[in-house]
Amino acid sequence: MISLLLACTAPDDTAEARPETLTLAAEVAERGKQIWPVENLPFDWMQTVWAFGLHRLEARQPGQHDYYAAWMEQEVSRFEGEDPKRFVSSDSMSPATMASVAMVEDPQLQLTLITDAGHLYLSQAPRTENGAIQHWAEGSPFGDNGQVWVDSQFMFGMFLLSEHRRTGEREHLELWVEQYVLFSELCRDPQEQLYRHAWDDADKVNIPSEPVFWNRGNSWVLVAAAEMLRLVGPEDPAWEQIQPLFAEHALAVLQLQATDGLWHTVLNRPQDPDNYTETSGSALIAYAFYVGHRSGALDGQYQDAAYRAVDALVEDRIDEDLTVEGTSFGTNPGDYDYYLEVVQLDDIILGVGSVVMVLAETSP
């Protein structure tokens, strides 16, 4: 594994003393662009996570924008004509985030056919009894099955935040806040302050029904909230609604950080040796903690925890040849045994994107 002399817990005022991880982020990103040339890049959620990682690297080291802008430009024609492409799930619409992000960075880009399709999807997507947007819509392989998945907090939540930034229209932020609260009502455990993976509206039950809390699902919620709070700042009325929920959730996750600095794929069963610590969710949690601290929504212990996770990722999950190891594959709602059986693979595009995100964000 890559060996850097990384401090385990850096105090708030000595972040500059930590080794720079920006160069490593850029190296991992460049290798990823060689593995996944833009002309071969599918238009789906895993690729969105990868591209969002490049976007966060772009904020620190310009030179990434052209890659994901080209990805959008090669897809935009599919949204034209008499039979334009339509989104059929929260996952499938997530690439619209990158169309919005690319236009924020370069207003000359003409990608509104994609963002318009995202807004159309959200306006027509089926909702639960309480108004939460369901994960699947008409035309999806699963049809309208009445389920809410916490994944959607990232998949359409990041799109709404970028559209608020791009257009200045408050309605996008208000929809984000509405959905965050509704998802919390359905999926958040009131005792544990952690999120179950899904809610089945027809049967009025969570999936899983037992208190089993999937790592990456919780990380999606944390990242979306951290980005929202960074975007609006403490003077915005939405801050008062979301920051307490975010802080309670973050504290519950913080207390479950594993001894290796990462988080188990099922957060709350650390004693089981088969319950492995997982790369992508851990990177996303660390990212959310760091962003939350920098925005003033969380205190210094969360930055310390983020640094511990980054140390672990660098030491144990990024090989000498820049392979990113230990990411669990795409995961559906299931029971405890199911989550443990999800295969871990190396160089899964969502894991690489998550690692680039946190390496770029936390570098001094």
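Every chain is numbered on its own, with residues counted from 1 as its sequence reads. Owing to the predicted nature of the model, reporting of local features is limited to residues with pLDDT of at least 70; listing and counting of side-chain atom pairs is limited to 80 or more, with chain, interface and lining totals taken over all residues. Calculation of side-chain values draws on the structure's entire complement of heavy atoms; hydrogens and water are dropped beforehand.

Glancing now at the overall build of the chain. Helix and strand definitions follow DSSP, with helices as H or I runs of at least four residues and strands as E runs of at least two, each counted in order from the N terminus. When you go through the chain residue by residue, the secondary structure sums to 15 helices and 7 strands. For 364 residues, the compact-globule estimate of 2.2 N^0.38 gives 21 Å, and the C-alpha radius of gyration of the chain, at 19 Å, lies within 12% of that figure. By principal-axis analysis of the C-alpha atoms, the chain measures approximately 55 × 45 × 45 Å. For each residue, the accessible area found with a 1.4 Å probe, counting protein chains only, is set against the maximum for its type, and the residue is called buried under 20%, exposed over 50%, and partly exposed in between. Counting the 364 residues in the chain, one finds 62% classified as buried. Radius of gyration here is computed from C-alpha atoms only, and the compact-globule reference equals 2.2 Å multiplied by the residue count raised to the power 0.38.

Omega for the bond connecting Ile207 with Pro208 falls within 30 degrees of zero, at 0 degrees, which places this linkage in the cis form. Phi is positive for Lys204, close to 55 degrees, though the residue is something other than glycine. Relative to the helices and strands, Lys204 is located in the loop between strand 2 (198–200) and strand 3 (205–207). Under the relative-accessibility criterion, Lys204 is labelled partly exposed at 39%.

Taken in spatial order, the 3 strands make up an open sheet running 1-2-3, and their pairing is antiparallel. Looking at strand neighbours, the two that pair on one side only are strand 1 (147–149) and strand 3, the edges of this open sheet. On average, adjacent strands in this sheet sit at an angle of 25 degrees to one another, irrespective of strand direction. Strand pairing follows a simple DSSP-based rule, namely that at least 2 bridges must link the two strands. Relative to strand 2, strand 1 runs antiparallel, the two sharing 3 bridges. Directly across from Val148, in strand 2, lies its bridge partner Trp199. The contact criterion used is simple: two residues touch if any of their non-hydrogen atoms lie within 4.5 Å. For helices, the fitted line uses only the C-alpha atoms of the stretch in contact; every axis is such a line through C-alpha atoms, and the angle between N-to-C directions lies from 0 to 180 degrees. Across the sheet, helix 9 (residues 170–187) is in contact with strand 1, strand 2 and strand 3; its angle to strand 1 comes to roughly 110 degrees.

Turning our attention to the environment of Asp201. Along the polypeptide, Asp201 turns up in the loop between strand 2 and strand 3. Engagement of the side chain of Asp201 in a polar contact is seen with the side chain of Trp199, the distance being 2.8 Å. Here a polar contact means two N or O atoms within 3.5 Å. Within protein one must be a hydrogen donor candidate and the other an acceptor candidate, and residues neighboring in sequence count only if both atoms are side-chain atoms.

Below, the discussion takes up helix 6 (residues 112–124). Spacing of three or four residues puts side chains on the same side of an α-helix, whose turn is 3.6 residues. Each helix should span, by expectation, one fewer than its residue count multiplied by 1.5 Å. With 13 residues, helix 6 should cover 18 Å at 1.5 Å per step; its first-to-last C-alpha distance of 18 Å lies within 8% of that length. The set of residues buried in helix 6 consists of Ile114, Thr115, Ala117, Gly118, Tyr121 and Leu122. Angular distribution of buried residues about the axis of helix 6 spans 155 degrees; they occupy a single face of the element. Buried residues in helix 6 make contact with helix 3 (65–75), helix 4 (90–93), helix 5 (96–105), helix 8 (157–167) and helix 9. The directions considered for the arc are those from the helix axis to the C-beta atoms.

Another aspect to go through is the confidence of the model for the chain. Low pLDDT means the predicted atomic positions in that stretch should not be read closely. Every residue carries a pLDDT, the predictor's confidence in it, which falls somewhere between 0 and 100. When pLDDT is averaged along the chain, the result is 94; 95% of the residues meet or exceed 70. Counted against residues more than four places away or in other chains, residues 3–16, with its pLDDT under 50, gives 30 contacts.

Here we come to helix 5. Most of helix 5 sits inside the fold, with 8 of its 10 residues counted as buried. If you check which residues of helix 5 are buried, you get Ala96, Thr97, Met98, Ala99, Ser100, Val101, Ala102 and Met103. Looking at the buried positions of helix 5, the neighbouring elements they touch are helix 2 (45–60), helix 3, helix 4, helix 6, helix 7 (152–155) and helix 8.

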